[in-house]
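Understanding the architecture of this molecule
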Amino acid sequence: MFHMEGALLKSSSIFPYFFLVAFEGGGPLRAFILFLLYPIICLFGKEWGLKIMVFVCFVGLKEESFSIGRTVLPKFFLEDVGNEGFDMVMKCGGRKIGVTDMPRVMVDCFLKDYMKVEAVIGRELKVVCGHFIGLMKEKEESSVYLELKQIIGEERMDSSVIGIGCFDNLIDHQLFSCCEVLYMVSEAEKKNWQALPRGKYPRPLIFHDGRLAFWPTPIATLFMFMWIPFGIFLLFVRAAVFLLSPYRFSMPFLWFTGFKGTLISPFPDRANDEQKRGGVLYVCNHRTLFDPIYLSVGLGQPLTAVTYSLSCVTELFAPIKTVRLTRNREKDSKLIEKQLKQGDLVICPEGTTCREPYLLRFSPLFAEISDEIVPVAIDFQVSMFYGTTASGYKILDPVFLLMNPTSHCSVRVLEKLPKSFTCQGGGKSKFEVANYVQSQIAKALNFECTSLTRKDKYMILAGNEGIV
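I will try to describe carefully the structure that is included in this document. (Residues numbered from 1 in each chain as written. Predicted model: local features only at pLDDT ≥ 70, side-chain atom pairs only at ≥ 80, totals over all residues. Heavy atoms only, no water.)

Here we come to the overall build of the chain. Looking only at helices and strands, the chain features 22 helices and 16 strands. Going through the 468 residues of the chain one by one, you find that 53% of them count as buried. Residue pairs at least 24 apart in sequence account for 73% of intrachain contacts in the chain once pairs closer than 6 positions are excluded. On the chain, roughly 21,500 Å² of surface is accessible, and the fraction owed to carbon and sulfur atoms is 59%. (Helix = DSSP H or I, 4+ residues; strand = E, 2+ residues; numbered from the N terminus. Buried < 20%, exposed > 50% of the residue type's maximum accessible area, 1.4 Å probe, protein only. Contact = heavy atoms within 4.5 Å. Areas by Shrake-Rupley, 256 points an atom, 1.4 Å probe, with all protein chains shown as cover.)

In structure tokens, the structure reads:
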């Protein structure tokens, strides 16, 4: 049995996690109120500070639709796990029980799904008419002991429980008094902990949602709220310059304002040569809705992008031509062939974005249409906001993306597929070609290939199939 905040996480403050709940679940206004109350939260002490944060973050939220503990928080919890604390917890054999001061709805998915913990003991929230009222149920010492007794088993309560806690936590005594052996961690020791390497995650983190891309400490949060007014102004300036000016003028301006990018291409003039012979199909992984635009700018030529789920507003203001696929194999195949006859085309066969260093399964549709296939490896890093979402409003994707103080897009154009690795020229199956392109892009980016699809992502994060 271990105390999550004291024995597993490096951070000594739980304010960032509640800020994420307030921002992603209640919106910027609720998050701003929580930020203003931070000095009062610190003055009122741990227990009352926790109650204030719970009330501000949860009051009025629907219990049924609350998914932040499953879609947003696991990423930040995993990045806050200490390598030393993780090893200490995992070395203990038998069943593992996580104890937390936070509401259980915030940590249950993280501990059970990503840390492989059998049971979680945390505070329960009061619900009225399907909505959280911002209050926690009081938990007496006897009821906590009985709950632990049910989880472990009455016959094992007196002899086989090992506890891991923190000296700085006073609430632990009612739970850890039943432990035969108790290891205590000090805050001084935790300051020297290293972050848990991604390779040691019990379950890989592939999908997560939410708009915030940074760890929202009070100082970082202050900077965000100070940046937002200027960021909104910069959003309109960037959009106007990019849409109304030629690439040769707009790109230096965007670079100057923090939107930077790099292009790596084995043959700088190959794109123009290929265009003379006919349409080239650029196949790239999908990080943001700007991927085709950066490729078009990098190559210095207009491209047509085929899309699966752009919002109508985004398509309307796109600086390059976009063609929406219908998800009907025959219709989409004819549509892509038609566009290829008119010029070069860029397609993202993953069908959706992935923020982490993984590639989703590539749809093999592109493989049977053309032999002129050029893989493109794209990576995109943001500093404050994610420009993608599964459960939020997609119309705001370009808004959040353009509001970032800085971002960097790396575009690497790989070697064109040899004829021997294509369907028409080499006799390969469409699945072999798609998997080969996926592996080449993954190798260039040092990413990992998966067999997960767009449908898997949206079922996990939004509970639907992601059809827009």
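Moving on, we come to the side chain of K96. Mapped onto the secondary structure, K96 falls in the loop between α8 (83-91) and β2 (97-103). The side chain of K96 is buried and forms no salt bridge, while E118, the nearest opposite charge, is found at 5.9 Å. Leaving out residues up to four positions away in the same chain, K96 has contacts with V89, M90, V117, E118 and A119. (Lys, Arg positive; Asp, Glu negative; His and termini not counted. Salt bridge = Lys/Arg side-chain N within 4 Å of Asp/Glu carboxyl O.)

What follows covers empty space enclosed by the protein. By the definition in use, this model includes one cavity of 30 Å³ or more. Its volume calculated, the largest cavity comes out at about 80 Å³. As for the largest cavity, its lining consists of 13 residues, and the residues nearest its centre are H208, T353, R355, K457 and L461. Grouping the amino acids of the lining of the largest cavity by side-chain chemistry returns five nonpolar, four polar and four charged. (1 Å grid on protein atoms, 1.4 Å probe; cavity = no way out; pocket = protein on both sides within 12 Å on 5 of 7 lines; lining within 4 Å. Points joined across faces, edges and corners; volume = space filled by probe spheres on them. Nonpolar A, V, L, I, M, F, W, Y, C, P; charged D, E, K, R; others polar.)

For the rest of this paragraph, the subject is the packing of helix α7 (residues 73-80) against helix α9 (residues 104-114). What describes two packed helices is the angle between their axes and the distance between those same axes. One way to put it is that α7 packs onto α9 with a least axis distance of 9 Å and a crossing angle of 65 degrees. Handedness of the crossing formed by α7 with α9: right-handed. Packed against α7, whose contacting residues are L73, P74, F77 and L78, the element α9 presents M106, V107, F110 and Y114 at the interface. Here the contact of α7 with α9 is composed, by residue class, of eight nonpolar, no polar and no charged. (Axes fitted to C-alpha atoms, helices over the stretch in contact; angles between N-to-C directions. Left-handed = near helix turned anticlockwise from the far one by under 90°.)

This paragraph deals with a nonpolar patch on the surface. A contiguous nonpolar surface patch, about 480 Å² in accessible area, is contributed by I40, L43, F44 and W48. Its place among the elements puts I40 in helix α4 (residues 38-43). (Patch = residues over 30% accessible without salt bridge, like charges linked within 9 Å, V, L, I, M, F, W, Y side chains within 5 Å.)

With that out of the way, let us pick up the packing of helix α2 (residues 15-26) against helix α5 (residues 45-58). In contact at an axis separation of 8 Å, α2 and α5 are set at 15 degrees when each is read in the N-to-C sense. With respect to α5, the element α2 is oriented roughly parallel. When you trace α2 past α5, the crossing you get is left-handed. Across the interface between the two elements, F15, F18, V21 and A22 of α2 pack against L50, M53, V54, C57 and F58 of α5. Partitioned by chemical class, the residues of the contact of α2 with α5 number nine nonpolar, no polar and no charged. (Parallel < 35°, antiparallel > 145°, perpendicular 65-115°, else oblique.)

Across three bridges, strand β4 (residues 125-128) lies against strand β5 (residues 131-136) in antiparallel orientation. The partner of L125 across the bridge, within β5, is M136. What sits between β4 and β5 in their antiparallel hairpin is a turn of two residues, with C129 showing a positive phi close to 55 degrees. (Pairing = 2+ DSSP bridges.)

In this section: the layout of surface pockets. Quantified by volume, the second largest pocket comes out at close to 640 Å³. What lines the second largest pocket is a set of 26 residues, among which F23, E24, G25, G27 and G392 lie closest to the centre. Elements with a minimum of two residues in the lining of the second largest pocket: α2, α6 (68-71) and α13 (218-244). Considering every element that reaches the lining of the second largest pocket, the biggest residue donor is α2, with three residues. The residue makeup of the lining of the second largest pocket, split by class, is 13 nonpolar, nine polar and four charged.

A word on the nonpolar core. In this structure, F18 and F58 are the most contacted members of the largest nonpolar core, which totals 95 residues. Here this core takes eight residues from α2, the largest share from any one element. Among residues more than four places away in sequence, those in contact with F58 are F18, V21, R30, F66, P103, V105, M106, L125, F132 and G134. If you look at the next biggest cluster of nonpolar residues, it comprises 28 residues, including Y308, V323, L345 and L445. (Core = buried A, V, L, I, M, F, W, Y, C linked by side-chain atoms within 4.5 Å.)

We now examine α2. For α2, built from twelve residues, the straight-helix expectation of 16 Å at 1.5 Å per residue is met to within 8% by its first-to-last C-alpha distance of 15 Å. Most of α2 is tucked away: nine of the twelve residues are buried. Along α2, the residues that are buried comprise F15, P16, Y17, F18, F19, L20, V21, A22 and F23. Downstream of α2 by a residue or two, G27 has a phi angle that is positive, lying close to 105 degrees. (Expected span 1.5 Å × (residues − 1).)

Glancing now at the side chain of K190. Position of K190 among the secondary structure elements: in helix α12 (residues 187-191). Within the buried set, K190 has no salt-bridge partner at all; the shortest N-O distance to an opposite charge, 4.1 Å, is to E187. Of the polar contacts made by the side chain of K190, one reaches the backbone oxygen of L9; its length is 3.0 Å. Dropping the residues within four chain positions of it, K190 is found in contact with E5, G6, L9, K10, S11 and V185. (Polar contact = N/O pair within 3.5 Å; in protein donor to acceptor, adjacent residues only side chain to side chain.)

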